[in-house]
Every structure is written in C-alpha cells, then in structure tokens.
Amino acid sequence: MSRFLPKIPPWVSPVVIGLLVLLFAFTQDSFYRLQLGTLSGIYAVAAIGLTLLFGAAGQISLGQAGLLGIAAFGTAYLTVDRGLGPVLSGVVSIAAATVVGLLLGWSALRITGHYLALVTLAFGLCFTELGRTVLPEGWYGVPPLAIGSLDLGDPQRFFVVVWVFVVLTLVASSLLVRSRFGRSIAALRDDPVAASACGVNLARTKVAVFGIASALAGVSGWLFAMYQGSVTETSFSFTLSFNLLIMVVIGGLGSPTGAVAGAVFLVLAPELGRSYEQYRLLSYGLILILVLALLPGGLASIGRLIAKPLRRRRAGVEETA
Amino acid sequence: MSVDYPQVLATGLTYGVIFALVALGYHLIYVSSGMLNFALGEQLAVAGLVVLSLMSAGVPFVLALIVAVLAAAAFGAGYERFALRPALRMGLVGPLIASVGVAIVIGQARVLIWGPNPRPFAPFTGAPNESVGFLGGRWPIQSFWIIGLAAVSAAALLLFLRYTWYGRAWRATAQSPVGARLSGIDPSVVSMSAVSVASALVTIAGVAIAPIVLAGGFYALDFGVRAFAAAIIGGFTSTTGVLLGGLFIGLLDAWLVAALSAAWSDVVLYAVLALALLVRPRGFLGREGVSRA
Amino acid sequence: MTTEAVLAGRGITRRFGGVTAVSDVDVDVVAGEVTLVLGPNGAGKSTLVNCLTGVDRPDDGRVLLAGEDVTGRRPDQFNRMGVVRTFQHTRPFAGLSVAENVMVGAHGRTRAGFVRGTLRTRAARREEAALQAQADDLLAQVGLEGRGDARPTDLPLADERRLELARCLAAQPRVLLLDEPAAGLGEAEADALAALVRRLCAEFDLGVLLIEHHLELALGMADQVVVLDFGKVIARGTPAQIRADEAVRKAYVGVEEGT
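### Points about the interface of chain A and chain B
Piece 1. Across the boundary between the two partners, chain A contributes 34 residues, which contact 37 residues of chain B.
Piece 2. If you list the elements that add at least two residues to the side of chain A that touches chain B, you get helix H5 (113-134), helix H10 (238-251) and helix H12 (280-294) of chain A.
Piece 3. Looking at the side of chain A that touches chain B element by element, the count peaks at 14 residues for H5(A).
Piece 4. The class makeup of the residues in the side of chain A that touches chain B is 25 nonpolar, 6 polar and 3 charged.

Structure (structure tokens):
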C-alpha cells in the first residue's frame, strides 16, 4: 500500500468543499436533502479519522462505530438524564470516546494486522451487545445544539455547523499529514522496524493516532446524537463500522478529502436510485470489492491524476523563470 | 440460576462441532495464504436455503446437498480469485476487507432471493421437534446427524490433508511458499482451492445445522465470530487447535446462555475474544504468527 | 580523534532456542574509524548488529555507548543517542518520497509533535525548513542530488543504499552500522559506495561498524577487523593481520575469493 504525501496545498480542498457547502446550504429548500447533507457531514468527520488511522498510519479498526456510540450515548445521557448543556455533554462524551480509543491504541501495541482487525471488531460488537442488553430503549429527546441563547438546531444552521466541523477537520488533517507527525505515521505504516531505527517511538505514535481517530469518532457521535434526537444502539452496529471503512476505501486510503467524498457518496448514492433501496447494501459490497481490486487508490487517486498536469505546468513555469 | 449441565453439553456439542468446522475453514485458508476470510459465516447461513430451493425443484435431498457443496466450492474459488487475491495489493488486510464485502454481497443477495424470513428445514430423520434423552439432557435427533456429519467431514479432511498429494502441497505452501513454488506447486492455486474446500465444508455444516437454527436466519455474524474465537483460542495455525477450540467455544457459549442469558452471553463471548487476542493471539496450540500472501 | 570506543559491546551473547547465535563477543567502534565484522553466513553478524542497536536484546553481556550502559533500550532510543544503522535488505518507506525518507531519518532529533506540527507554529515551521534544507544537502552528499521527489521504489538498488545512508546521516549520528551495504551491487557500484562511506566517516568523524562478507572490498575499507565464526570471535586485528590469519582462511574455505 503505497501512498505519497500529497503535494497539493492543504487549503485547496477545504476551500472548494466550503464553497460547495455554502452553495448547497443556501439553495436547498428540501428539508430531506438538507438532512442527508448533514448526515454525510457527520459521517465524514469519523471517516477522516479512520482514513488517518488506517490509510495514513496503517492501523485497521473495524470498531469505530463503537466509539461513535460511546459519545452518542454519553451525550444523550448527559443532556436528557442530567440536564447538561449540549456543548459540555459533548466535551465529556468525546473525552470518554477518546479514552476508550486510547485503550484500543494500547492494544494495537501488542497486536497488528488481522488480529488488530479482530480485536477492534470484537470491541465494536461488544459495545453493541452491551447497549442492547443494558440500555435497549436508549434515549429520546436529545436537545438540538444550542450555545447559550444561540439556537443552532435549525436544519439549515445545523447543516452549516456540521460542515464547519468537517472543514476544520479537513484542514487540520491535511496539515497533520504534511508534517513531521504525518511522515512518522507513514513510516509506521510502511515499515515499523525501519521507522523505529529512525527514531520514531512506535508506541507513542500508534496510541496518538488512535487517540486522534477516536476523538473524531467522538465528535461524530456527539453530532449524531443531536441530529437524530434519539439514540439507540442500532445506529452503531457493525454495519456502520463497515460503512465507514467503505467510505475510506472508496475515497482513497489516507486522503482526508477522499474520506469526505466517500461519506457523501455513501449517504447520497441511494438517492440516485430510490427504487433500488433494497440493492443498496449489496451494491456497497460490490463496489468495495471492485475498488479494492481495480482502484486501490480510490477516488483520491483520480483527484491526483487530475492535479498532476496542473502541477507539472506550474513547475515548468518556475523552471523557465 | 441453576445450570442444566447435561443440556449445556447437548447444546454445546451440537453447536461446537459447527464452530469447529467453520474454524477449520478459516484455518485452511489462513495457513495456505495468510488471509482471513469473513465470508464463511454467510456461506453457512445460505447453505440451507440453496438446498431447500433445489429440493422444491424436485431434486432429492442427497443430490441437492452434493450440488450445493459443489456450487459452494466453485463459488469459493471464484471469489478468492476475483475478490480476495486482487485485494492483496493493499497488504494483508486487503483480503479481509474484501471478504467482508463478499459477506455483505452474499447476505444481501440471500435476502433478495429468498426474502428476509428464515425458513424451516426438516431434520434429516425424525419429526421436527423430536428429541431424545441422552446423558441426562434432551438432544434433538438432528444433533446426532450434526455431530456425526461434522466428525466424518473433519476426519475425511484431515486424512485427505495428511495422505494425499494435495494435502502435501497445502502443507508445503504453509511452511514456505517459495519452497513450494520451487517444487512446482503454485501457491495461488493452493490458496484458491483452500477457499474452495472451506466453502464446501461450511456448506455441509450449514445444511446440517439448518433444522435447528432455520435456514437463512441472520446468524452469520454470530457463527462467524464464534468460529473466529475458536480459531484464536485454539490457534489459527493448528488443525487440532481449531477443532478443539470450536468445541470449547460451543460449550462455553451454551454454558453462558444457561447461566446468564443469550444477550449477556454475546457480550461475554466478544470480550473473551478480545482478551484472547490481546493475551495470546497465537492460541494455545498455535505456533508463532504465520503471515504470507 | 579519540581512540576510546564510542559504541562497544562486551560479552554479547544471544541464544535462539538451542542455538547460540552470538557467543561472548567483544567489539569496539571508534570515532573516525571503520571496524569490520567479517564472517561466513550464519556467523552471527546481523544478530550482533541487532543487539548493538536495540532491535534485539542480548541474553548476556552489555552494550556501552561512550561508557554508559544502554543494553536493551529500544531502537528509537538508540537512534536518539546517535546510533543509526542500515539493513541487509533495504527498507525505504515506499509511501514517502526520497526527500521525505531522509527527513524521517531526523525524527529522533527533532521535536515538533502533532499539535505544533498541525498548528504550524513558528518553531515547527523553522524546524521543517531546516529539515528540508538538510535533506537536500544530504542527498547531494550521497550522490542523489535533485532526486528528492522520486519514489524510492523507482531507484536502482545502489541508489536505494545511498538513500538509506542519507537517511541515517539525517540523525546527525555518532555511530553508523552498515549491514552488508554492498549486497546485490556490482563491482563498480560497491567500490563507489565504499569510497562514499570512507569519505563520510572522515568528514563527520563517525564511528562505523561494517558487516560484510565480500572479503576484498571490506578489508580495503577497514581500520580494524573482527572475525566471527559460529557466533564466536576467532580473530581480531588490522586487515593485513587478518589476511594472513590461518583461522580466518579455514573459516572461509569454500566461500568466495571471487564473490
């Protein structure tokens, strides 16, 4: 799995996406479409986390849904049962998800590859089962987002809020990937032995990247709780973990922009063929297989192909200058 | 809550041999190619449905079973070649992910073709709810068929692996793909046939268990994960290990359901799986991790 | 130039099951000098290097860095203490460019964590710029000038070995351990690499430990030689002394003179 650190400036895709989002926000009257757009943004945040974890750092997780679930349950519990404000509940719940994620990261120190996949799978399944046995009814009536007296729960406003998070996450991860830390996780992925010989502290790096991915999953879970208004464990089953994986694979492993594209694709695709709803999951499976077999670089590799001649032309201009 | 141990034995052994067969399938594939295959669980669930359809078309049961097994073998070879092997480009976890994709495709196709409701499957002999008292517990007649069929299949496979040319090729590839290639064995053929054989095995298991759990129910993940647990605890690389692991998990699961409840048994089992992975990934009988493409 | 060892192994012993791969080996690496560890295949050379760089932990014996006992520390800790190594089979980071590979080499001596790196603080940016400049400079020094944007997988083997050298030097090390750097190279390439290593050793006052089993090439580069056979030291001295040594000749019987 070979992936170059991108040479496109990190501000390009956030700006493009930001513009598209604003365009969408102010031209969509359809409540339904706005909701879909919001949902894809919520998943996009978690997908970016997973692409950093799996694509950039090479650590596989099949249990991200569990981390989203922890944050969502926490948010629901704190707002509904304890009357805490949405922001404070979010901070606490995201912290909880991050702590659990750090534990998963610690387990990644002992096992890698397949076994790590299975451990994260077991974690995700355990969470779902625990949710089903201990808290089967979940919570209703999670209040929409509000900061003080500023109401952000209105569909159009919440859509923008969610996508602000997406764009911020995108910017941060694009910067992260092009930094010393970004190089170290690529080294960790490509050759841990050589990475260690170059001075990379494998343990700290692995745990850190799990922490980042789970914090993002936590943010996603928090936003989801407020979006949906009700939280039950059925929203965080293995299917979600699998969907996140598909988003990341289709988008291109290691590419935050690709992860966003993958999330949008996965949430909006059913709309393209409404009468084919029953084929949706089936086609996801087929798409996954096809992408893995034919285009392992995902959508991001297409993006890079487009960007290459643009870059070369710029370089050419500089050489003759 | 008092536990009915003889019943735990009955249920545990019945399910345990199924877990053992599926785990054997994982073992075959893992040892020959280093791949983990998530799709076997779904293949287990769909087996009964295929046979039911064939029988409703007039095919006698035994012939239907044979056809289903052969079809599964062919299908297995196909998805190894076109879905799993190409995913190796992404590294060793590529095939695992691809196999999840295959599992989803099979599961969804099953619902599209046969509908979401599981279907009753007649036991091989006797009436559907007939059971026999044995060692203090009640054993459905089908249990004996299941255990017998599983034992025969496993034994046949073990003999096959030990004494035939194919078996030697499989073991050679397991120890050294390069060495195998030098001896004229093509590891990719061995890998493909491993998935083929595993698919056949799992299909037999699926038909055997269908009278008890109904054909086409949503238990693929449950069986699949428990079989993984069996393989982990017994040791992915050990044939005896995965078989014993299957029996162990079957008994453990039955005991947990009796002592706690079905839901809590899931929680505990998944936690046990995670713990086993963290503490002793190579299992009790396995050797140090084998990893190859 | 000091004659005291920068990196030293004392009584290094390592067993694998019933086999003793390395047995009671003493070895010194001195700044500005090349110490050669010779021996036929299976003599325990790579195991010794692994013990001296933290990749493996000796069962017995100590590893000393400028007199301090550093036995059993991790490889990244060794790196940060100035001990770097190359590998028998090259291990470039395939997903990073050539220049980025070199920059990773400096990971141990740089400090910007993921927070500061993402926020692009002034300190982080200065560090990045310095790393870029160093990478360009080192690539030029090893003869890969201008190849910074290439993929390591596009490089021929000889250039991959130069890349690994540049990556090692990015750490500004005191000690460099080379595990069969000439393996797979033709005569001319191997000579060029040898010349490069000698020059770098002198220029940066590095202590170099070299494992080779290409006899002629290695003896030409070395200041001191240690010969291993079946994990034990069977001879020690200058290249001239080793050339004349009977025990060495016996150990190498059947092996090369034309390899």
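### Quick word on the interface of chain A and chain C
Piece 1. Of the residues lining the interface, 26 residues belong to chain A; the matching set on chain C comes to 30 residues.
Piece 2. Mapped onto the side of chain A that touches chain C, the elements with two or more residues apiece are helix H6 (155-177), helix H7 (180-190) and helix H8 (192-197) of chain A.
Piece 3. For the side of chain A that touches chain C, the leading source of residues is H7(A), giving 8 residues.
Piece 4. Its residues assigned to classes, the side of chain A that touches chain C comprises 14 nonpolar, 6 polar and 6 charged.

### So, the confidence of the model for chain C
Piece 1. Confidence along chain C averages 87 in pLDDT terms, with 96% of residues attaining 70 or more.
Piece 2. The spread of mean pLDDT over the elements of chain C runs between helix H10 (residues 246-251) of chain C, the lowest at 75, and helix H3 (residues 98-105) of chain C, the highest at 95.

### Let's talk about the sheet that holds strand S2 (residues 19-30) of chain C
Residues and elements named next belong to chain C.
Piece 1. Taken together, the 4 strands give an open sheet; going across it, the order is S2-S1-S4-S5, and neighbouring strands pair in antiparallel fashion. Strands with a single pairing partner mark the edges of an open sheet, and in this sheet they are S2 and strand S5 (68-69).
Piece 2. Strand contacts of helix H1 (residues 45-53): strand S1 (5-16), S2 and strand S4 (60-65), with the helix running at about 120° to S1, the strand carrying the most contacts.

### Examining the pairing of S4(C)
Residues and elements named next belong to chain C.
Piece 1. As paired elements, S1 and S4 share 5 bridges and run antiparallel to each other. Opposite Thr13, over in S4, you have Asp60 as the bridge partner.
Piece 2. Note that S4 and S5 share 2 bridges and pair antiparallel. Residue pairing in the sheet places Leu64 in a bridge with Asp69 of S5.
Piece 3. Hairpin geometry of S4 and S5 is characterised by an intervening segment of 2 residues between the two adjacent antiparallel strands and by a positive phi of about 45° at Ala66.

### Observations regarding the sheet that holds strand S10 (residues 232-237) of chain C
All names here are of chain C.
Piece 1. Taken together, the 6 strands give an open sheet; going across it, the order is S6-S7-S8-S3-S9-S10, and neighbouring strands pair in mixed fashion. Two strands bound the open sheet, and with one partner strand each, they are strand S6 (83-85) and S10. Along the sheet, successive strands turn relative to each other by an average axial angle of 20°, direction set aside.
Piece 2. As paired strands, strand S3 (residues 34-38) and strand S9 (residues 224-229) are joined by 4 bridges and run parallel to one another. Following the sheet pairing, Leu38 is matched in S9 by Val227.
Piece 3. Here H1 sits on the sheet in contact with S3, S6, strand S7 (175-179), strand S8 (207-212) and S9, set at roughly 150° to S7.

### Thoughts on unusual backbone geometry
All names here are of chain C.
Piece 1. One non-glycine residue, Asp24, adopts positive backbone phi at about 55°.
Piece 2. Counting through the fold element by element, Asp24 comes out in strand S2.
Piece 3. Accessibility expressed as a C-beta count within 10 Å gives 14 for Asp24, which makes it partly exposed.
Piece 4. A positive phi is found at Arg120, a non-glycine position, where the angle reads about 55°.
Piece 5. Within the secondary structure, Arg120 is located in the loop between helix H4 (114-119) and helix H5 (122-141).

Rules of the game
Every chain's residues receive numbers from 1 upward, in the order its sequence appears when written. For this description, chains carry letters from A and ligands carry numbers from 1, given in the order in which they are written. The model is predicted, so local features are restricted to residues of pLDDT at least 70 and side-chain atom pairs to those at 80 or more, both for listing and for counting; the totals for chains, interfaces and linings are taken over all residues. The contact criterion used here is simple: two residues whose C-beta atoms, placed from the backbone, lie within 7 Å are in contact. The numbering of helices and of strands both runs from the N terminus, where a helix is a DSSP run of H or I of at least 4 residues and a strand a run of E of at least 2. Any residue that is not Ala, Val, Leu, Ile, Met, Phe, Trp, Tyr, Cys, Pro, Asp, Glu, Lys or Arg is counted as polar, Gly included; the first ten are nonpolar and the last four charged. Note on scores: pLDDT gives the predictor's confidence for each residue, bounded by 0 and 100. DSSP calls a pair of strands paired once it identifies at least 2 bridges connecting them. Axis definition: a line fit to C-alpha positions, over the contact stretch in the case of helices; interaxial angles, taken between N-to-C directions, run 0 to 180 degrees. Counts of 20 or more other C-beta atoms within 10 Å of a residue's own C-beta define buried residues, counts of 12 or fewer define exposed ones, and intermediate counts define partly exposed ones; C-beta atoms are placed from the backbone.

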